[in-house]
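Residue-level structure breakdown
Now for the letters of each chain:
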Amino acid sequence: MEELVDIFTKDGYKTGISMPRETAIKEGKLIKAFQIWILNNNNQVLMEIRSNGKLHDAGMLDLCSGHVRQGERESQAVRREIKEELGENAIKTREFEKIIKVGSERCDFRKYGRPGNYIFPWYILKLDRKIPEEDFELQKEEVAAIQWMDYEKVKEAEEKKNKKHKPYPATEYKTVKEIFIHSMKNYADNTLILQKPSHKEPYKEITYKQFGEDVVALGSKLIKMLPKNARIVVVSETTYDWYVTYMSALCGAGILVPADKELPDNELENVINRARATAVIYSAKKKDSIKKIENNLPTVKYFIEMDSDDHIVDKNMGFNYLIQEGKEILESGDNSYLDIEIDPEEFKMLIFTSGTTSKSKGVMICNRNLAANINAVSEYVKLYENDRLFSVLPLHHTYESTIGFLLPFATGSSVAICEGLRYIVPNMQEAKPTALLAVPLLIESLYKKINETIRKSKKEGIVNSMIHITNVLKGVNIDIKRKVFKEILDNLGGNLRIIVSAAAPIDGKIAKWVEDIGIDFLQGYGLTETAPIAALTPEYEPLRYASTGLPVKDTDIKIVNPNEAGEGEILIKGPTVMLGYYEDEEATKEVMRDGYFCSGDIGKIDSDGFLYITGRSKNVIVTQNGKNIYPEEIELTLGNIPEILECMVYGQKESEDSHDKELIITAIIKPNYEKIKELHGDNLSDDEVYKIIWNKVKENNKKLTSYKAVRKIEIKKDDFEKTTTMKIKRYAEINKKK
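Quick look at the structure, then. Note that the coordinates shown come from a computational prediction; the quantities given were computed from them, not determined experimentally. Residue positions are given per chain, counted from 1 along the sequence in the order it is written. Per-residue local features of the predicted model are confined to residues with pLDDT of at least 70, and side-chain atom pairs are confined, for both listing and counting, to 80 or more; whole-chain, interface and lining totals are unaffected and use all residues. Hydrogen atoms and water are omitted, and side-chain values are computed over all heavy atoms in the structure.

For the rest of this paragraph, the subject is the overall build of the protein. Only DSSP runs of H or I reaching four residues or more are called helices, and only runs of E reaching two or more are called strands; each is numbered from the N terminus. Looking only at helices and strands, one finds 23 helices and 38 strands in the protein. A burial count over the protein gives 54% of its 738 residues as buried. Here, two residues are considered to be in contact whenever any of their heavy atoms come within 4.5 Å of each other. Sequence-distant contacts, at least 24 apart, represent 67% of the contacts inside the protein between residues at least 6 apart. Surface accessibility in these figures is a Shrake-Rupley result with a 1.4 Å probe; residues are shielded only by whichever protein chains are displayed. When the accessible area of the protein is evaluated, it comes to approximately 34,600 Å², of which 47% is carbon and sulfur surface. The rule is simple: take the accessible area with a 1.4 Å probe, protein chains only, and divide by the maximum for that residue type; under 20% is buried, over 50% is exposed, in between is partly exposed.

One finds F211, M247, F405 and F409 to be the most contacted residues of the largest nonpolar core, which totals 132 residues. Sort the elements by how many residues they give to this core and helix α7 (residues 240-253) lands first, with 10 residues. For F405, the residues in contact, after removing those within four places along its chain, are L192, I193, F211, Y243, Y246, M247, E400 and V415. By convention a nonpolar core is built from buried Ala, Val, Leu, Ile, Met, Phe, Trp, Tyr and Cys residues, the set being connected through side-chain atoms within 4.5 Å. Counting residues in hydrophobic clusters, the runner-up holds 23 residues, among them A259, V271, I293 and M364.

With an omega of -5 degrees, the peptide bond between A531 and P532 qualifies as cis. Inspection of the secondary structure assignment puts P532 in the loop between β25 (520-526) and β26 (533-536). If you check the backbone angles, K458 has positive phi at about 60 degrees while not being a glycine. Locating K458 in the fold gives a position in the loop between α14 (440-456) and α15 (460-474).

Angles run from 0 to 180 degrees between N-to-C directions of axes, and those axes are lines fitted to C-alpha atoms, restricted for helices to the stretch in contact. As a packed pair, helix α21 (residues 673-680) and helix α22 (residues 686-701) sit with axes 12 Å apart at the nearest point and diverge in direction by 90 degrees. As the angle between them shows, α21 and α22 are arranged roughly perpendicular. On the side of α21, the interface is formed by Y673, I676 and H680, while α22 contributes V689, I692 and I693. All residues other than Ala, Val, Leu, Ile, Met, Phe, Trp, Tyr, Cys, Pro, Asp, Glu, Lys and Arg, Gly among them, are scored as polar; the first ten of these are nonpolar and the last four charged. Residues that form the contact of α21 with α22 fall into these classes: five nonpolar, one polar and no charged. Roughly parallel means an angle under 35 degrees; roughly antiparallel means over 145; roughly perpendicular covers 65 to 115; every other angle is labelled oblique.

Where burial is concerned, the two faces of strand β24 (residues 498-501) agree: the one with I498 and V500 and the one with I499 and S501 are both buried. We treat two strands as partners when DSSP finds at least two bridges between them. Pairing of strand β23 (residues 435-438) with β24 involves four bridges; the strand directions are parallel. Residue A435 lies in a different strand from β24, and its bridge partner there is I498. The pairing of β24 with β25 spans four bridges and is classified as parallel. Each residue of the ladder has a partner; that of I498, found in β25, is D520. Crossover β24 to β25 through helix α18 (residues 508-516) is right-handed. When the strands point away from the viewer, a crossover counts as right-handed if the path from the first strand over the helix to the second runs clockwise.

The subject of this paragraph is the environment of I572. Mapped onto the elements of the fold, I572 is located in strand β29 (residues 568-573). With residues up to four places along the chain from it excluded, the contact list for I572 reads Y525, L527, T530, A534, T555, D556, I557, V577, G595, Y596, F597 and S599.

What follows is the structure in structure tokens.
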């Protein structure tokens, strides 16, 4: 069938899309109307027009809801408005031939242009705006991208959209070793890890086969060296050897204790001693730290340096040497490591929490917890062998090690290792990942950088217009977002299709923006104690930007002691919940209630079962009249102020009097000096910066309920103390005030 989209010229005007009415009715074509411009030959906008976004029959349409509301009188008013706005350039009265029963569902299509052609009902938005030539080219492409949809196909798409999607078939793994054996059998020749030997060298690809051989070799050697269930501390940046250590331990070599590479030496020493570790596996970057504390670690018998060929000297040896020794054990016919049977309920991993609210606790994780996470996520998100995750978060957190590694490992996908935060964009451009696990701060940073570039190139208007157009088209199953926003997506490697945010709340407008440019945005919720997923957004469900998703497979989430808004503490029960806290029965009893884990988080559940997080119960500020204020909610609104880089809200005592319980809502603010310079000028004094920010905070207070208003601000010049998932350590910052 010939092309039905026709951009025609009449009396010197480039104008809308038309087709013969008879053809439209005969072919049964439908379209969801969109934005378009009427231009003169100098590309000057005479009218910028947009439909009401409803699905229309090309022969009999609903009239646009912008102007025409009732009867012939209203149609005359529209004609007068067009004439007044356009003056001498006004289109003659033939654009409204006749209107029958305006306001009913169907009416005659308005005639325009050549005989027998009918144009969609539009209304005026803007006038007399000059469009740069390069932008005009983009607009022509957008218009050309409109397709006429077959009625049956559109009907199918609408039915499919309204039909509830069933979860994907879930996997049923019991242990990590089951996952390991499955992937080695099915994906041996696939690429698993991409790692850069050095910054200037390209990514080196390592296959599942090589990884599997190294895991079995290391495990075979370690079980000869270590007693059963020995604790193995691993401390390093994200590296191939970390993944090998992780899998070797979980498949039978011992109990893994991942440590935060950012810990100061005294805290690393404390973790190793609390775990009573027998072996410490570390990277070259941590060598100096290990050397400083090795004499204070009485239980450690082996210090193993990653990517080293060193033979055994006293307690020290190289990681590569152990793998070679393990291969010789296997060649001798000893398969005892492979024959180890894993108990799904056995304590296999010890993770010390980041301690954002108090002293870190040791969380005991078993194989059942980790396997249940993979089974649960597989119902909501489908990964394929050609998917590639981008690893930018620290591996000692279960969010990255479970969902960022174990999940893609189970599906035959690959993982590209980021060299560090400053290399995110160039590494993504080289590795071309399809999925990214991130925390809100990282996503917000990408959002700000990309939009700043758009703003500087003066393309904000065209990008916003394209977002509107592509959203309308996507509603009728025409998804051209990846084509239209190719330049933005290419900056992120070109293949990115999923971003998952977790660990903290994210601004809804940022989540929507991610979707608007053609990337699926998912949110997850969980804790170290759930290893880590408890709720997740199914990729096939319409996104609720403020929600962290639905409870995952076999998991029950309930809200206890809800307030009038339905907000209360979140309790979680399911196979992902930890065994308990390490050597702390009292703390375990405090958080376990009738099989439910008391998360300490505050949230609510909507009528569809979606979970919304409000804040942390330990962070809640209780006013003298009993009102609960969640600082995270206020922090999100303050985060929209360009002059504020970061902030933390807390309740400050009004006086030192112990009987005075009144708290002042106080915001500790780190200014965005670069943005302040751009917006308010250079060489500002501290007092001037304070006044600028305080005025912005007072404006923001108008958006809040009065009792939530910030009454005091404190300017912070140094960095906030943070965890490695970029969350501010509230207790540490508040303690600095004491």
